[in-house]
Amino acid sequence: MDGRTVIYQIYPKSFQDSTGDGIGDIRGIIDRIPYLAELGPDMVWFSPFFVSPQRDNGYDVADYRAIDPVMGTMVDVEELIAGLAAHGIGVMFDMVFNHTSTAHEWFQRALDGDPIYRDYYIIRPSAPDGGPPTNWESKFGGSAWAPFGDTGEWYLHLFDITQADLDWRNPRVRQEMADIVNFWLDKGVRGFRFDVINLIGKKEELLSSAPGVDPRVMYTDGEDVHPYLQELRRASFGRVPGTVTVGEMSSTSIERCVAYSNPANGELDMVFNFHHLKVDYPGGEKWALKPYDSADLKRVLNEWAEGMQVGGGWNALFLNNHDQPRAVGRFGDAGELRVEAATMLATLTHTQRGTPFIYQGEEIGMTDPEYTSLADYIDVEAHNAYHSLLDAGLAPADAFTVVLARARDNGRTPVQWDDSPTAGFTTGVPWLRPTNQERINVASELADGRIFRHYQHLIALRRAHPAIAAGSYEAWDREHPAVYAFLRTHPEERVLVVCNLTFNPQRLTLPPEFVDGTVLSDNHPGTKLTPTLPLQPYQALVIAEGAHQS
Ligand code: GLC
C-alpha cells in the first residue's frame, strides 16, 4: 500500500442533490468535483449507489451492475469517474458482498424454488423447538432469522430482514462476486471497499452460542474468510496493478486484521476496525452511554498501531463514517473549541501509520444534528434500538438521549454547503434535516475557516514526508492520560506527533532531540518548543527532528 494515499468518503444520498427531490445524486457530486479537487484526496470512496429498495440506504443491493435511478444513470457514473480522473482522483466502490437485498433477482428466484439460487443463500430448518435455527441476533435488532417464504425454513439475515446473507461456501456465489468486481474494473474503478467482509466465513453447520456467550463469535472472522479473499483477489482486483482494497471488519481482532492486510497473504490492502470507536460503549454495548475517557482512546490507538505494525498489517485510519456519530463532539468539543478539536482529531488521524480516510463534512468540522425527537431520525437501526430500549424499561426521554448520542443518521445529515434553510444541499426538502448550517458550512469555512485548510495541509504533509507515509510507529509517553504522542521514524527523517486530547491545558516532556525541531503543523500557531511543552486545549503539533525545512 502506498502510504501517501488519502481517501475521501462520500455518502451519495447526503452529498449534493441536483434534482430537487431532497436526495443526493451523482450529478450533484459531479458538480462538486472542483471542491473535491481543492481538498486533494487521491481517491474517493462512494457508499453504494446501486439499485436498491433503500431499506438500508443502498447497503441492500438489488442489482450490483446498475445505478439506482434515484441517484442517476450509468452515463452519470462514467462521467463521474472520468471527471475525477481528470484531477488525478481515483474512485473506490462499495461492494456489499455479505448479503443482497431480498429484492435481488437471486433471492426472488430462490423463493420461487429455483434450487440453484436457493443455494446462494443460507437457509436452514427450524431448531428442535420449532424456533429459529440458532440464537444469532440481527445487528439491527431481533432474531437474525426470518421465515423463508412458506417453506417452514428460515433464511439468515445478520442485518435487516431485507438483507439476506449469501452463502460464500457456494463456488457460484464466489464467482458472481469476482464477476461484479471485474465489471467495475472494466469501467475504470480502481478501489474497492468490502462491506462487513469478515462475516462471509460461515460454516456449514451453524450453531447457537453457549449461554452467556455473544453469538457473534459463532460467525465472525471464520477461518474461510482468508481463502475466500485470496480467491477473490486472484480472480478480480489482483489482476490489475494499482488497485486499492479495504475490508470493513466487524468485531474483529488485531491478529485477524494482520492476516487480512499483510501483503504476504494476498488478501486486502487494509482494514477498518472499530475498537477505537467503542471506547464510549459501556461493556461493548452500543445503545448505552458512558462518559468518554481520552486515556481509553489513546490505549486502543496505541494497541492497534503497534499490533498491526508488528504483524506487517495496515490500518485504515478514521474517526468518522456514515455509521458513526460525528467525532468532533464525541471525542472533542462541538461548541466553543470545535475548530481546535476538529483540527486536533484530524492531525491524530492523518499522522498515524496507515491510510487516512476523511468522511464528507469532517473537513469543515460538521457536528451531530441538534435533533429534538425520534421523528427526526430515519435509520431503521435507530428506530429498532429506541423500541428495544423502551421494552427494556427506559423512559422515552432516556431512550431518546441514547439514540441522540448513537444514531447513524448523526453522520448522515446533508453536507452543509451554505447557510440557507436547505444548506445548499437541495432546492427541495432534504431527506434528513440539517440543523446548524448558519454556524457551520462550506462557504464560510472556505472564506475564513481553518479546518479545511488544515486538512489540505495534512494531505500535503503525508505526500512530502516519508516518515508520515511510511515510517515506523512508536508511542511516546505512553502513560500520559491526556496527551497522545508518537514518533514516526524513517531512514530519512523522524517526526513527533503531539495531541492534547482534552479540553484542558496539558504538558508533555518532549524527546530531547525534538526541542530544537521544526514545527510542520500546529493548530495553535506560534508555539515555541521547550523541553516541557505546555499544550493548549486540543492543541496538536507535528514536529520534525532537527532544524531542516518543511
Ligand atoms: C456496514 C455498512 C452499514 C450497513 C451494514 C450492512 O456496516 O457500513 O452502513 O448497514 O454494513 O450492509
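Only a predicted model underlies this, so the values are computations on that prediction, with no experimental measurement involved. (Residues numbered from 1 in each chain as written. Predicted model: local features only at pLDDT ≥ 70, side-chain atom pairs only at ≥ 80, totals over all residues. Heavy atoms only, no water.)

Looking at this structure, I do not really get the overall build of the protein. What am I missing?
On a plain count of helices and strands, the protein comes out with 16 helices and 22 strands. Over its C-alpha atoms the protein spans a radius of gyration of 23 Å, differing by no more than 12% from the 24 Å that the globule rule assigns to 550 residues. With the C-alpha coordinates of the protein rotated into their principal frame, the extents come out at 75 × 55 × 50 Å. The contacts of the protein with a sequence gap of at least 6 include a subset with a gap of at least 24, amounting to 70%. When the 46 basic and 75 acidic side-chain charges of the protein are each reduced to a single mean position, those positions are 3 Å apart. (Helix = DSSP H or I, 4+ residues; strand = E, 2+ residues; numbered from the N terminus. Rg over C-alpha atoms; globule rule 2.2 N^0.38 Å. Contact = heavy atoms within 4.5 Å. Lys, Arg positive; Asp, Glu negative; His and termini not counted. Charge placed at Lys NZ, Arg CZ, Asp CG, Glu CD.)

Looking at this structure, I do not really get the sheet that holds strand β12 (residues 244-248). What am I missing?
Hydrogen bonds between backbone atoms are what pair the strands of a sheet, whose relative direction is either parallel or antiparallel. Read from one edge to the other, the open sheet built from 8 strands follows the order β13-β12-β11-β5-β2-β1-β15-β14, with strand pairing classed as parallel. In the strand order of this sheet, the two ends are held by β13 (270-272) and β14 (316-317), each with one partner. Looking at chain direction, β14 and strand β15 (residues 355-359) are connected through 2 bridges and run parallel. Each residue of the ladder has a partner; that of Ala316, found in β15, is Thr355. (Pairing = 2+ DSSP bridges.)

Teacher, can you tell me more about the packing of aromatic side chains here?
The description of an aromatic ring pair uses the distance of the two centres, along with the angle that the planes make with each other. Taken as a whole, this structure holds 37 aromatic pairs when the rule is applied. Taking the centre distance of 6.3 Å and the plane angle of 85 degrees together, the rings of Phe46 and Phe93 count as edge-to-face. Of this pair, Phe46 sits in strand β2 (residues 43-46) while Phe93 is found in strand β5 (residues 90-95), placing the two residues 47 residues apart along the sequence. For the ring pair Phe194 and Phe237, a centre distance of 5.7 Å and an interplane angle of 40 degrees mean the geometry is tilted. On the criterion of sequence distance, the pair formed by Phe194 in strand β11 (residues 191-194) and Phe237 in the loop between α7 (225-235) and β12 is long-range, its members being 43 residues apart. Summarising the burial analysis for this pair, Phe194 and Phe237 share the class buried. One aromatic cluster in this structure is built from Tyr64, Phe97, Trp106, Tyr117, Tyr120, Phe192, Phe194 and Phe237. (Phe/Tyr/Trp six-rings, centres within 6.5 Å; stacked < 30°, edge-to-face > 60°. Buried < 20%, exposed > 50% of the residue type's maximum accessible area, 1.4 Å probe, protein only.)

I'm lost on the sheet that holds strand β7 (residues 123-124) in this one. Help?
Read across the open sheet, the 3 strands follow the order β7-β9-β8; overall the sheet is antiparallel. Each end of this open sheet is capped by a strand with a single partner; those strands are β7 and β8 (145-147). As judged from the 3 bridges shared by β8 and strand β9 (residues 154-156), these two strands associate in the antiparallel manner. Residue Pro147 lies in a different strand from β9, and its bridge partner there is Trp154.

Help me understand the pairing of β11 in this model?
The side chains of a regular strand alternate between both faces of the sheet. Side chains Gly191 and Arg193 project from β11 onto one buried face, and the interleaved Phe192 and Phe194 project onto a second face that is buried too. Direction of pairing for β5 relative to β11: parallel, over a ladder of 4 bridges. Each residue of the ladder has a partner; that of Met95, found in β11, is Phe194. As defined by bridge partners, β11 adjoins β12 across 4 bridges and the pair is classed as parallel.

Would you mind going over the site of the ligand with me for this structure?
As a structural note, the neighbourhood of the ligand is formed by 15 residues, with Asp56, His99, Asp195, His322 and Asp323 the closest of them. Glu248 is positioned with one of its side-chain polar atoms (N or O) 2.9 Å from an oxygen atom of the ligand. Compared with its free state, where it exposes 310 Å², the ligand has 96% of that area covered by protein. Residues belonging to the shell around the ligand are distributed by class as follows: 5 nonpolar, 3 polar and 7 charged. (Near = heavy atom within 4 Å. Polar contact = N/O pair within 3.5 Å; in protein donor to acceptor, adjacent residues only side chain to side chain. Areas by Shrake-Rupley, 256 points an atom, 1.4 Å probe, with all protein chains shown as cover. Nonpolar A, V, L, I, M, F, W, Y, C, P; charged D, E, K, R; others polar.)

What exactly am I supposed to notice about unusual backbone geometry here?
Keep in mind that most residues, glycine aside, have a negative phi and that most peptide bonds are trans. Notably, Ser251 is not glycine yet its phi reads approximately 40 degrees, a positive angle. Positive phi, normally seen in glycine, also occurs at Ala423, with a value near 60 degrees. Summarising the element assignment, Ala423 is placed in the loop between α13 (396-406) and α14 (442-448). What makes Ala423 buried here is its relative accessible area of 0%.

Whenever I open this one, the UniProt feature "domain: Glycosyl hydrolase family 13 catalytic" (unreviewed entry) in the protein confuses me. Can you help?
The feature "domain: Glycosyl hydrolase family 13 catalytic" (unreviewed entry), as annotated in UniProt, sits at residues 9-412 in this numbering. Structurally, residues 9-412 is divided into 32% helix and 13% strand, and its ends, taken at the C-alpha atoms, are 12 Å apart. (UniProt positions renumbered as here; feature names shortened; annotations may be inferred.)

Can you walk me through the packing of helix α12 (residues 380-391) against α13 in this structure?
For any two helices packed against each other, the geometry comes down to the angle between their axes and how far apart the axes lie. Across the interface, α12 lies against α13 with an axial gap of 9 Å and an inter-helix angle of 145 degrees. The handedness of the crossing between α12 and α13 is right-handed. The residues of α13 that touch α12, namely those facing Ala382, Tyr386, Leu389 and Leu390, are Pro396, Ala399, Phe400, Val402 and Val403. A breakdown of the residues in the contact of α12 with α13 according to their chemical character gives 9 nonpolar, no polar and no charged. (Axes fitted to C-alpha atoms, helices over the stretch in contact; angles between N-to-C directions. Left-handed = near helix turned anticlockwise from the far one by under 90°.)

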